Amino acid sequence: AVRAKEESDQKVDELQSRLAKNQRLNHILKKVEPKARELLFSNPAFEALFNSKQPRNTFVLSADLRRSTTLMLKARNPELFAMFLQDLCDRLYNAVLENHGVFDKFTGDGILAFFPEFYSGEDAGYLALRTASTCHEIFNDEYRRHRNCFSSVLSEVGLGVGIDFGQVYLVNLWGGLTVVGTPVVYACRMGNAPAGKTLLNQPA
(Lines give C-alpha, C1' and ligand atoms only; values in the text may rest on other atoms or scores of the structure.)
Protein backbone atom coordinates (compact mmCIF):
# COMPACT_ATOMS: atom_id res chain seq x y z
CA ALA A 1 0.00 0.00 0.00
CA VAL A 2 2.87 2.36 0.86
CA ARG A 3 4.61 1.55 -2.43
CA ALA A 4 1.38 2.06 -4.38
CA LYS A 5 0.88 5.43 -2.68
CA GLU A 6 4.44 6.49 -3.50
CA GLU A 7 3.95 5.52 -7.15
CA SER A 8 0.66 7.40 -7.22
CA ASP A 9 2.25 10.50 -5.67
CA GLN A 10 5.06 10.32 -8.22
CA LYS A 11 2.57 10.18 -11.09
CA VAL A 12 0.68 13.16 -9.65
CA ASP A 13 3.95 15.12 -9.38
CA GLU A 14 4.84 14.25 -12.97
CA LEU A 15 1.40 15.29 -14.15
CA GLN A 16 1.55 18.57 -12.24
CA SER A 17 5.01 19.25 -13.68
CA ARG A 18 3.73 18.51 -17.20
CA LEU A 19 0.74 20.81 -16.70
CA ALA A 20 2.96 23.59 -15.39
CA LYS A 21 5.25 23.26 -18.42
CA ASN A 22 2.26 23.16 -20.75
CA GLN A 23 1.01 26.41 -19.22
CA ARG A 24 4.42 28.03 -19.56
CA LEU A 25 4.82 26.90 -23.19
CA ASN A 26 1.24 27.43 -24.27
CA HIS A 27 2.13 30.50 -26.37
CA ILE A 28 4.44 28.35 -28.54
CA LEU A 29 3.02 24.82 -28.65
CA LYS A 30 0.32 25.27 -31.30
CA LYS A 31 2.68 27.23 -33.54
CA VAL A 32 5.26 24.50 -34.13
CA GLU A 33 5.27 20.93 -35.40
CA PRO A 34 4.68 17.97 -33.03
CA LYS A 35 8.37 16.95 -32.83
CA ALA A 36 9.28 20.47 -31.74
CA ARG A 37 6.57 20.40 -29.06
CA GLU A 38 8.11 17.31 -27.51
CA LEU A 39 11.57 18.87 -27.67
CA LEU A 40 10.27 21.98 -25.91
CA PHE A 41 9.16 19.80 -23.00
CA SER A 42 12.39 17.83 -22.76
CA ASN A 43 15.10 20.36 -23.67
CA PRO A 44 15.34 23.64 -21.69
CA ALA A 45 18.04 24.93 -24.07
CA PHE A 46 15.65 24.60 -27.01
CA GLU A 47 12.92 26.43 -25.09
CA ALA A 48 15.39 29.21 -24.26
CA LEU A 49 15.90 29.91 -27.97
CA PHE A 50 12.28 31.03 -28.23
CA ASN A 51 12.54 33.21 -25.13
CA SER A 52 15.76 34.99 -26.05
CA LYS A 53 15.64 38.78 -26.27
CA GLN A 54 18.27 38.75 -29.00
CA PRO A 55 17.35 39.53 -32.64
CA ARG A 56 17.05 36.46 -34.82
CA ASN A 57 17.81 36.01 -38.52
CA THR A 58 14.46 34.99 -39.95
CA PHE A 59 12.54 34.56 -43.18
CA VAL A 60 9.03 35.96 -42.84
CA LEU A 61 6.16 34.81 -45.06
CA SER A 62 2.84 36.61 -45.50
CA ALA A 63 0.05 35.06 -47.59
CA ASP A 64 -2.95 37.21 -48.43
CA LEU A 65 -6.19 36.15 -50.12
CA ARG A 66 -6.53 38.50 -53.09
CA ARG A 67 -10.00 39.82 -53.96
CA SER A 68 -11.26 38.31 -50.71
CA THR A 69 -14.13 40.83 -50.41
CA THR A 70 -15.40 40.07 -53.92
CA LEU A 71 -14.98 36.36 -53.25
CA MET A 72 -17.07 36.66 -50.10
CA LEU A 73 -19.82 38.51 -51.99
CA LYS A 74 -19.92 35.70 -54.55
CA ALA A 75 -20.51 33.10 -51.83
CA ARG A 76 -24.00 31.61 -51.82
CA ASN A 77 -24.21 32.31 -48.08
CA PRO A 78 -21.82 33.35 -45.27
CA GLU A 79 -21.72 29.85 -43.79
CA LEU A 80 -20.39 28.36 -47.02
CA PHE A 81 -17.72 31.04 -47.30
CA ALA A 82 -16.68 30.44 -43.68
CA MET A 83 -16.40 26.71 -44.42
CA PHE A 84 -14.20 27.42 -47.45
CA LEU A 85 -12.00 29.81 -45.47
CA GLN A 86 -11.63 27.38 -42.55
CA ASP A 87 -10.66 24.46 -44.80
CA LEU A 88 -8.19 26.68 -46.65
CA CYS A 89 -6.55 28.10 -43.52
CA ASP A 90 -6.35 24.69 -41.82
CA ARG A 91 -4.30 23.39 -44.73
CA LEU A 92 -2.13 26.53 -44.89
CA TYR A 93 -1.39 26.09 -41.18
CA ASN A 94 -0.36 22.47 -41.75
CA ALA A 95 1.82 23.47 -44.71
CA VAL A 96 3.80 25.86 -42.52
CA LEU A 97 4.36 23.25 -39.81
CA GLU A 98 5.26 20.51 -42.29
CA ASN A 99 7.97 22.79 -43.73
CA HIS A 100 9.47 23.39 -40.27
CA GLY A 101 8.12 26.91 -39.98
CA VAL A 102 6.50 28.71 -37.07
CA PHE A 103 2.88 29.71 -37.60
CA ASP A 104 2.35 33.25 -36.33
CA LYS A 105 -1.33 34.07 -36.89
CA PHE A 106 -4.38 34.16 -39.11
CA THR A 107 -4.80 37.69 -40.45
CA GLY A 108 -8.50 37.49 -41.35
CA ASP A 109 -7.91 36.77 -45.04
CA GLY A 110 -4.48 35.20 -44.89
CA ILE A 111 -1.65 33.96 -42.69
CA LEU A 112 1.68 35.12 -41.30
CA ALA A 113 4.49 32.63 -40.65
CA PHE A 114 8.21 32.78 -40.02
CA PHE A 115 11.25 30.56 -40.48
CA PRO A 116 14.00 31.48 -38.00
CA GLU A 117 17.41 30.04 -38.75
CA PHE A 118 17.78 28.70 -35.19
CA TYR A 119 14.63 26.61 -35.72
CA SER A 120 14.23 25.96 -39.46
CA GLY A 121 17.97 25.52 -40.06
CA GLU A 122 20.26 26.64 -42.86
CA ASP A 123 17.56 25.77 -45.42
CA ALA A 124 15.11 28.26 -43.88
CA GLY A 125 14.90 30.31 -47.08
CA TYR A 126 14.22 27.26 -49.23
CA LEU A 127 11.60 26.05 -46.77
CA ALA A 128 9.85 29.44 -46.89
CA LEU A 129 9.77 29.27 -50.70
CA ARG A 130 8.52 25.69 -50.67
CA THR A 131 5.77 26.72 -48.26
CA ALA A 132 4.77 29.56 -50.60
CA SER A 133 4.54 27.15 -53.54
CA THR A 134 2.49 24.70 -51.48
CA CYS A 135 0.14 27.49 -50.35
CA HIS A 136 -0.63 28.41 -53.96
CA GLU A 137 -1.37 24.76 -54.76
CA ILE A 138 -3.60 24.46 -51.67
CA PHE A 139 -5.66 27.50 -52.65
CA ASN A 140 -6.22 26.22 -56.18
CA ASP A 141 -7.26 22.82 -54.84
CA GLU A 142 -9.60 24.22 -52.17
CA TYR A 143 -11.20 26.70 -54.58
CA ARG A 144 -11.97 23.83 -56.96
CA ARG A 145 -13.37 21.70 -54.14
CA HIS A 146 -15.63 24.51 -52.90
CA ARG A 147 -16.90 25.83 -56.23
CA ASN A 148 -20.42 24.83 -55.31
CA CYS A 149 -20.16 27.39 -52.47
CA PHE A 150 -19.98 30.30 -54.93
CA SER A 151 -22.51 31.72 -57.38
CA SER A 152 -19.76 32.35 -59.95
CA VAL A 153 -16.13 31.43 -60.36
CA LEU A 154 -13.69 34.34 -60.43
CA SER A 155 -10.51 34.64 -62.42
CA GLU A 156 -7.53 36.43 -60.89
CA VAL A 157 -8.35 35.11 -57.45
CA GLY A 158 -5.80 33.36 -55.28
CA LEU A 159 -3.05 34.01 -52.76
CA GLY A 160 -0.48 36.74 -52.99
CA VAL A 161 2.64 35.75 -51.04
CA GLY A 162 5.43 38.01 -49.81
CA ILE A 163 8.73 36.88 -48.28
CA ASP A 164 11.43 38.98 -46.64
CA PHE A 165 14.54 38.22 -44.60
CA GLY A 166 16.24 40.01 -41.74
CA GLN A 167 16.45 40.30 -37.99
CA VAL A 168 13.27 40.07 -35.96
CA TYR A 169 12.40 39.87 -32.28
CA LEU A 170 10.27 37.06 -30.90
CA VAL A 171 7.62 38.42 -28.54
CA ASN A 172 5.02 36.76 -26.32
CA LEU A 173 2.07 39.01 -27.05
CA TRP A 174 -1.49 38.41 -25.78
CA GLY A 175 -0.71 34.79 -25.01
CA GLY A 176 0.84 33.97 -28.38
CA LEU A 177 4.31 33.99 -29.92
CA THR A 178 4.73 36.59 -32.66
CA VAL A 179 7.55 38.38 -34.50
CA VAL A 180 8.28 42.08 -34.69
CA GLY A 181 10.65 43.77 -37.12
CA THR A 182 11.15 45.34 -40.53
CA PRO A 183 10.97 42.00 -42.44
CA VAL A 184 7.41 41.53 -41.14
CA VAL A 185 6.37 44.89 -42.57
CA TYR A 186 7.83 44.22 -46.02
CA ALA A 187 6.60 40.63 -46.20
CA CYS A 188 3.06 41.87 -45.47
CA ARG A 189 3.37 44.62 -48.10
CA MET A 190 4.54 42.13 -50.69
CA GLY A 191 1.67 39.85 -49.74
CA ASN A 192 -0.31 42.26 -51.94
CA ALA A 193 1.26 40.46 -54.91
CA PRO A 194 -1.04 39.43 -57.78
CA ALA A 195 -3.00 36.25 -57.17
CA GLY A 196 -0.83 33.17 -57.61
CA LYS A 197 2.44 35.08 -57.35
CA THR A 198 5.23 35.14 -54.75
CA LEU A 199 7.37 38.25 -54.30
CA LEU A 200 10.68 38.34 -52.41
CA ASN A 201 12.36 41.44 -51.08
CA GLN A 202 16.03 41.95 -51.99
CA PRO A 203 17.42 40.65 -48.64
CA ALA A 204 15.44 37.42 -49.07
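Please refer to the structure placed before this passage.
Undergrad: Talk me through unusual backbone geometry; I want residue IDs and the actual numbers.
TA: Negative phi is the rule for most residues except glycine; trans is the rule for most peptide bonds. In this model, Arg67 sits at a positive phi of 60 degrees, which is unusual for a non-glycine residue. Since its relative accessible area comes to 36%, Arg67 is described here as partly exposed. Positive phi is not limited to glycine here, since His100 has a value of about 60 degrees. By secondary structure assignment, the location of His100 is in the loop between α5 (78-98) and β2 (102-106).

Undergrad: An account of the pairing of strand β4 (residues 158-173) is needed here, citing residue identities and associated values.
TA: Sheet topology note: the strand β1 (residues 56-66)/β4 ladder contains eleven bridges and is antiparallel. From the neighbouring strand, Leu61 faces β4, where its bridge partner is Ile163. Alignment of β4 against strand β6 (residues 198-200), held across three bridges, turns out to be parallel. Within β6, the position partnered with Val161 by the bridge is Thr198. Sheet topology places β4 next to strand β5 (residues 176-180); five bridges connect them, and they run antiparallel. Its bridge partner lying in β5, Val171 is registered against Thr178.

Undergrad: Pulling in residues and values, what's your account of the packing of aromatic side chains?
TA: Taken as a whole and judged by the stated rule, the model has 14 aromatic pairs. Ring centres 6.1 Å apart and planes at 50 degrees place the aromatic pair Phe81 and Phe84 in the tilted group. Taken together, the residues Phe81 and Phe84, both in helix α5 and three residues apart, mark about one turn of the helix. Residue class for Phe81 comes out buried when judged on its relative accessible area of 8%. Their ring planes at 85 degrees and their centres at 6.5 Å tell us that Phe81 and Phe150 sit as a pair that is edge-to-face. Of this pair, Phe81 sits in helix α5 while Phe150 is found in the loop between α7 (124-145) and β4, placing the two residues 69 residues apart along the sequence. Taken as a pair, Phe81 and Phe150 share a single burial class, namely buried. What links up through ring pairs into an aromatic cluster is the set Phe81, Phe84, Phe139, Tyr143 and Phe150. Directly above the ring of Phe118 sits Arg56, whose terminal nitrogen or CZ lies 4.9 Å from the centroid.

Undergrad: Report on the nonpolar core, specifying residues and quantitative values.
TA: Ranked by internal contacts, the top residues of the largest apolar core, which has 34 residues, are Leu71, Phe84, Phe115, Phe139, Tyr143 and Phe150. When contributions to this core are tallied by element, the ones reaching two or more residues are β1, α5, β3 (110-116), α7 and β4. Considering each element in turn, this core owes the most residues, nine residues, to α5. Setting aside chain neighbours within four positions, we find Tyr143 in contact with Leu71, Phe84, Phe150, Ser152, Val153, Leu154 and Val157. In this structure, Leu112, Phe114, Val179 and Ala187 belong to the second largest nonpolar core, which totals 19 residues.

Cut-offs used in this document
Residues numbered from 1 in each chain as written. Predicted model: local features only at pLDDT ≥ 70, side-chain atom pairs only at ≥ 80, totals over all residues. Heavy atoms only, no water. Buried < 20%, exposed > 50% of the residue type's maximum accessible area, 1.4 Å probe, protein only. Helix = DSSP H or I, 4+ residues; strand = E, 2+ residues; numbered from the N terminus. Pairing = 2+ DSSP bridges. Phe/Tyr/Trp six-rings, centres within 6.5 Å; stacked < 30°, edge-to-face > 60°. Lys NZ or Arg CZ within 6 Å of the ring centre and 35° of its normal. Core = buried A, V, L, I, M, F, W, Y, C linked by side-chain atoms within 4.5 Å. Contact = heavy atoms within 4.5 Å.

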